[in-house]
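Breakdown of the fold
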Amino acid sequence: MRRVKIITDSASDLPSRFFKEYDIAMLPMGIVIGDKTYLDRVELDSKTFFNMMREDTTSLPKTVMPSAESIKEEFLRNLDKYENQIFISISSRGSGTFGVAAMVKNEIEDELGHPSNITILDSLSFSAGYGIVVYEMAKLAFEGADYAKVMDKYNNTINNVRV
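Let me begin by describing the structure that accompanies this report. The model shown is predicted, which means the values in this text are computed figures rather than measured ones.

**Digging into the sheet that holds strand β2 (residues 25–27)**
- Within the open sheet, the 4 strands sit side by side as β2-β1-β6-β7. Their pairing is parallel. On the outer flanks of this sheet lie β2 and β7 (118–122), each paired with one strand and no other. Between one strand axis and the next, the sheet turns by 20° as a mean value, whatever way the strands run.
- Where strand β6 (residues 82–89) meets β7, 5 bridges bridge the pair, whose relative direction is parallel. Across the sheet, the residue bridging to Ser89 is Asp122, located in β7.
- In this fold helix α5 (residues 128–142) packs onto β1 (2–9), β6 and β7, with an angle of close to 160° to the strand it touches most, β1.

**Things to note about unusual backbone geometry**
- With phi around 60°, Asp13 is a residue other than glycine that occupies positive phi space.
- Secondary-structure assignment places Asp13 in the loop between β1 and α1 (16–21).
- Phi at Arg41 takes a positive value of approximately 70°, unusual for a residue other than glycine.
- Owing to a relative accessible area of 29%, Arg41 belongs among the partly exposed residues under this scheme.

**A closer look at the pattern of salt bridges**
- Applying the stated rule across the entire model yields 8 salt bridges.
- We note a salt bridge from Lys5 to Asp23, for which the minimum N-O separation is 3.0 Å. You can see Lys5 sitting in strand β1 and its partner Asp23 sitting in the loop between α1 and β2, a full 18 residues away along the chain.
- With relative accessibility at 6%, the residue Lys5 sits in the buried group.
- Residue Asp23 is classed as partly exposed on the basis of its relative accessible area of 26%.
- Through salt bridges that share partners, Arg2, Lys5 and Asp23 make up one connected network.

**Regarding the packing of aromatic side chains**
- Going through the model one piece at a time under the given rule, you end up with 6 aromatic pairs.
- Each member of the aromatic cluster is reached from another via a ring pair, and the members are Phe18, Tyr22, Tyr135 and Phe142.
- Seen from the ring of Tyr38, Lys36 lies directly overhead, with NZ or CZ sitting 5.0 Å from the centre.

The rules we used
- Residues numbered from 1 in each chain as written.
- Predicted model: local features only at pLDDT ≥ 70, side-chain atom pairs only at ≥ 80, totals over all residues.
- Heavy atoms only, no water.
- Pairing = 2+ DSSP bridges.
- Helix = DSSP H or I, 4+ residues; strand = E, 2+ residues; numbered from the N terminus.
- Axes fitted to C-alpha atoms, helices over the stretch in contact; angles between N-to-C directions.
- Contact = heavy atoms within 4.5 Å.
- Buried < 20%, exposed > 50% of the residue type's maximum accessible area, 1.4 Å probe, protein only.
- Salt bridge = Lys/Arg side-chain N within 4 Å of Asp/Glu carboxyl O.
- Phe/Tyr/Trp six-rings, centres within 6.5 Å; stacked < 30°, edge-to-face > 60°.
- Lys NZ or Arg CZ within 6 Å of the ring centre and 35° of its normal.

Put into structure tokens, the structure is as follows:
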């Protein structure tokens, strides 16, 4: 069993290769353009997104947080595979993702009847501001660091990043 699994949402704006290289789970945000919703990085890459914005300058895109169902699926997938799983979300000041993830964690713990291995962190930041933190934590986790070391990296890094 691996020690720590790092999970984030697609708004962290990490390069795709980091998700694969450091085994980071990514929960896609929804991007609404006109009357269609696309899953970020799954159904819509950045090149296509910017092309769509150039073609239709009248539609402003909106974002939709990951669904409670997709968050729960990810957490349940990791319950028995990792000693701990840490979800770092986009700032609660601009998204409901953190709140939904906390609600899902509580629901899982109610179903289990005991505390889980899930930690939910509010980055209080946006884009690369917390993407850097996710990256630094994921490197340590991938190398086999324990929960305390990964959380130390979070606490030391998050306080030095502002976006």
